[in-house]
Structure formats: C-alpha cells, structure tokens
Amino acid sequence: MTDPADSDKPGASPVPEYMPNTAQTQADKGPGATQNKVSGEPEAIGWERATLEKLAFASLHEQRLARRWRNFVRLAWLVFLIAVAWFGFDQSNTTKNVTTPHTAVVDIKGEIASGNEASAELILSSVRAAFEDAGAQAVVLLINSPGGSPVQAGIVNDEIRRLKVLHNKPVYAVVEESCASAAYYIAVAADKIYVDKASIVGSIGVLMDGFGFTGLMEKLGVERRLMTAGENKGFLDPFSPQTERQREYAQAMLNQIHQQFITAVKTGRGTRLKEDADTFSGLFWSGQQAIELGLADQLGSIDYVAREVVKAEEIIDYTRRDNVAERLVKRFGAALGAAVVQATQSSAALR
C-alpha cells in the first residue's frame, strides 16, 4: 500500500488522479472497433468508407464502359447505313452499255410471285434492258423455277411477245433443273426452248389448295362464329363447310385460267406441239420426253445457245435484283405498314 506522502519524495512516480478503463472504452465503441492511430477515428468506420468508395468507383467504371459500348454501337450503325446508302446509289447508277455483240441473259429463278426476285416487275425490267441494248444479239431466259402465279406469268408472256416484235430480236429459253407450271407459261413466249435431258418440264395446269377443319372442330366441340355481309363472303373459309355451289364456282374459275394457259402454250409452240390426252393434264416430263412431245425443241445449255445459236459467245447478265438498300427499305416499309395496320385495326375487322 502506498503512502500519499511518498509522492513528495524525490524520484517517486506521480500517480494520475484518473485512469480510464480501456476495456470499457473499447466496449463503448462497439465490437472490433479499434482506433486508427493516424486519423484517430475507429477503424470500422474507415473500412466502411473504403468499401463505399470502391463500390462508387466500380459503378462509375461500369457506366463509362456502357457509355463507350453505346457509342460504339451507334457508330457501327452509322457506318453500316452509310455503306448501304453508298452501295445502293452505286447499284442504281450502274447501267449496262455494251455495244459489242453479245448474248443477253435474264435469270428466272425460284417461285414466280409478286415481291419475289422472279416477279413480273423485275423480270420485265431486265428483259426490256436486254432488248434495248444495241449490242444484244438475242435475249435468253435462263429458267430454273417450279412455277408460281399465273397472273405474273401471263404478264411476262404477253410483254415478251410484244417486245420481240418491237425490237425484232429472237428470244430463247434455256431450262436448267425445272421449268414447270407458271415457269413454262413464260417459256412458251420464246422462239425456241432448250433443255437438259434430265430437266423437269410441263405441269400445264392450275390448282387452288387449302384445308378444311370442320370435322375436327365438331370432334373438339369448337363452334365457328363467322359473320358476313354477302352470302359468299366466307367462300373458301377453312373453318366453314363448303357448299356444292361454291365448289362448282371455284372449279369453273380454275378451268377458265387453265384454258388461258393452254391457249398460251398452243400459241407459243404452234405445230411443234404433239398434243395428246396428257399434254394439258398437269403432268410433267423429263427434258428428253419434252422434246419428243414438242414441249421443247432440243438439248442445249446457255453456253451452247450463245456459241452455236446466237453466235455471240460473250454472255452479259441483265438480271435485275434488289440490292441491299432496296431490300432494307422494303423490309422497313413492310414492318412499318404492318405496325400501322395493327394500330388502326378494329376488333370487328372487315376483309
């Protein structure tokens, strides 16, 4: 036990009047909160601040990356649109002006239908350019098509026959794999038809197809509620029964279109056609059989026709195809039109 009087003795250590309880102080600051010797603030508070700073910097970094990516995508789209515009302008200003003798070729490939590459619009645009070129010694239709619209084919057939007379140039059809139905409708406008021995030729007929679901709906207990103004407005509706009168009407229309097709074939082939019971039945034949039946003239490829028939070995392609810019514009226009129709369409639509 220390005597208070001993503090006055020389060399004695002074006794502080108050000594804080270290354990109690640490408890007041909370568990694990040690004091930072430099800043004097609890280390737990410093750790939280450092974590928040890291999170803030990470968020800013992500925002900068996202902004750079958006700018890159916008720049890429801009470059793409400029390239498309340039390519489209370049294609639209590219015209053939070949004065040396050559064979003009127009491709007819795929389904013959409005909006396709084998549409009457594109085929005739190509054919007219070929006829109008002074260097073109003849126009060759290079055909590889299973058929399509009789309307589109009829338009092409009529115009080719008119252009032949107007420009006094021969027209030849060269068949690759297939020349059937509407494609053959176009081919008979040519002066001669050349085929490969294995080509598919013919199918001189017309069809109208669809489905009927009335029996299935009855089994499923589904009721068709169709309201029309006009007794035949629901004609050929797949969910309604077909009447005998409607069937006869449709058949009469098909027979009429078929007769138009037959007339075009007879006009184009003339006395070369060896007609029998199967000629206009819708059957198709190989190229070799087509020659025997008078549906085609002889075997020959595009090179053969250019070299041996036209006597102009240089082949120039006049086929007009939609360039990248035109396809994009058409797709954009179709999408925009569909959106407008959908936006304005009422629940009780009239068709």
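Predicted, not measured: the structure shown is a model, and the values here were computed from it.

Engineer: Outline the overall build of the chain, listing residues and values.
Structural biologist: Helices and strands together make up the secondary structure of the chain, namely 10 helices and 8 strands. Counting only residues that meet the buried cut, the chain has 30% of its 351 residues in that class. The long-range share in the chain, meaning contacts at least 24 apart out of those at least 6 apart in sequence, stands at 70%. Accessible surface computed for the chain: about 23500 Å², of which carbon and sulfur atoms make up 57%.

Engineer: How would you explain the layout of surface pockets if you had to name every residue and give the values?
Structural biologist: Quantified by volume, the second largest pocket comes out at close to 430 Å³. Of the residues in the lining of the second largest pocket, the class split is 10 nonpolar, 9 polar and 4 charged.

Engineer: An account of the pattern of salt bridges is needed here, citing residue identities and associated values.
Structural biologist: Summed over the entire model, instances satisfying the criterion amount to 12 salt bridges. For the salt bridge of Asp 107 with Arg 321, the shortest nitrogen-to-oxygen distance reads 3.0 Å. Placement of Asp 107 in strand S1 (residues 102-109) and of Arg 321 in the loop between strand S8 (315-317) and helix H10 (324-344) is noted, with a sequence separation of 214 residues between them. Residues Glu 275 and Lys 266 are paired through a salt bridge, measuring 3.8 Å at the closest nitrogen-oxygen approach. Owing to a relative accessible area of 47%, Glu 275 belongs among the partly exposed residues under this scheme. Residue Lys 266 is classed as partly exposed on the basis of its relative accessible area of 39%. Ionic contacts of the salt-bridge type, sharing partners, join the residues Asp 107, Asp 317 and Arg 321 into one network.

Engineer: Just give me the short version of the packing of aromatic side chains, but keep the residues and values in it.
Structural biologist: One pass over the full model with this rule turns up 5 aromatic pairs. Taking the centre distance of 6.2 Å and the plane angle of 70 degrees together, the rings of Tyr 172 and Tyr 194 count as edge-to-face. Taken together, the residues span a long stretch of sequence, with Tyr 172 in strand S3 (residues 171-180) and Tyr 194 in strand S4 (residues 192-195) at a distance of 22 residues. Residue Tyr 194 is classed as buried on the basis of its relative accessible area of 1%. Chaining the aromatic ring pairs together yields one cluster made of Tyr 172, Tyr 194 and Tyr 304.

Engineer: Please set out the pairing of strand S2 (residues 136-145) residue by residue, giving values where relevant.
Structural biologist: Within S2, 8 of the 10 residues are buried, leaving the element largely enclosed by the surrounding structure. Note that S1 and S2 share 8 bridges and pair parallel. The residue bridging Ile 108 from the neighbouring strand is Ile 143, located in S2. Since S1 and S2 lie parallel, the crossover through helix H3 (residues 120-132) that links them has a hand, and here it is right-handed. Two elements, S2 and S3, share 6 bridges in a ladder whose sense is parallel. In the sheet register, Val 139 faces S3, and the bridge partner there is Val 171. Viewed along the sheet, the connection from S2 through helix H4 (residues 150-167) into S3 turns out right-handed.

Engineer: Requested: an account of the nonpolar core, with residues and values cited.
Structural biologist: Judged by nonpolar contacts, the single largest core of 49 residues is most densely connected at Leu 141, Tyr 184 and Ile 186. Put simply, the parts of the chain that give this core at least two residues each are S1, H3, S2, H4, S3, helix H5 (182-187), S4 and helix H7 (244-269). Setting aside its immediate chain neighbours within four residues, Tyr 184 contacts Cys 179, Ile 193, Val 201, Gly 202, Ile 204, Val 265, Arg 269 and Leu 295. With 11 residues, the next largest nonpolar core counts Val 105, Leu 142, Tyr 172 and Val 310 among its residues.

Engineer: Mind laying out a positive patch on the surface, listing which residues take part and the relevant values?
Structural biologist: On the surface, a cluster of positive charge is made up of Arg 64, Arg 67, Arg 68, Arg 70 and Arg 74. Within the secondary structure, Arg 74 sits in helix H2 (residues 43-92).

Engineer: Any chance you could break down the confidence of the model for the chain for me, citing the residues and the numbers?
Structural biologist: Residues of the chain with pLDDT of at least 70 account for 74%, and the chain-wide mean is 80. Averaged over each element, pLDDT in the chain is lowest for helix H1 (residues 22-29) (45) and highest for S4 (98). Predicted confidence for residues 90-96 stays below pLDDT 50, and this span has 6 contacts to residues more than four positions away or in other chains. Within the model, the stretch residues 343-351 combines pLDDT values under 50 with 1 contact to residues more than four positions away or in other chains.

Engineer: Requested: an account of the packing of H3 against H4, with residues and values cited.
Structural biologist: Two numbers describe how H3 lies on H4: the axes approach to 10 Å, and their chain directions differ by 10 degrees. Relative to H4, H3 is oriented roughly parallel. Taking contact as the criterion, the partners of Ala 120, Ile 123, Leu 124, Val 127, Arg 128, Phe 131 and Glu 132 in H3 are, on H4, Gln 152, Ile 155, Val 156, Glu 159, Ile 160, Leu 163, Lys 164 and His 167. Its residues assigned to classes, the contact of H3 with H4 shows 9 nonpolar, 2 polar and 4 charged.

Calculation notes
- Residues numbered from 1 in each chain as written.
- Predicted model: local features only at pLDDT ≥ 70, side-chain atom pairs only at ≥ 80, totals over all residues.
- Heavy atoms only, no water.
- Helix = DSSP H or I, 4+ residues; strand = E, 2+ residues; numbered from the N terminus.
- Buried < 20%, exposed > 50% of the residue type's maximum accessible area, 1.4 Å probe, protein only.
- Contact = heavy atoms within 4.5 Å.
- Areas by Shrake-Rupley, 256 points an atom, 1.4 Å probe, with all protein chains shown as cover.
- 1 Å grid on protein atoms, 1.4 Å probe; cavity = no way out; pocket = protein on both sides within 12 Å on 5 of 7 lines; lining within 4 Å.
- Points joined across faces, edges and corners; volume = space filled by probe spheres on them.
- Nonpolar A, V, L, I, M, F, W, Y, C, P; charged D, E, K, R; others polar.
- Salt bridge = Lys/Arg side-chain N within 4 Å of Asp/Glu carboxyl O.
- Phe/Tyr/Trp six-rings, centres within 6.5 Å; stacked < 30°, edge-to-face > 60°.
- Pairing = 2+ DSSP bridges.
- Right-handed = clockwise from strand over helix to strand, strands pointing away.
- Core = buried A, V, L, I, M, F, W, Y, C linked by side-chain atoms within 4.5 Å.
- Patch = residues over 30% accessible without salt bridge, like charges linked within 9 Å, V, L, I, M, F, W, Y side chains within 5 Å.
- Lys, Arg positive; Asp, Glu negative; His and termini not counted.
- Charge placed at Lys NZ, Arg CZ, Asp CG, Glu CD.
- pLDDT = per-residue confidence, 0-100.
- Axes fitted to C-alpha atoms, helices over the stretch in contact; angles between N-to-C directions.
- Parallel < 35°, antiparallel > 145°, perpendicular 65-115°, else oblique.

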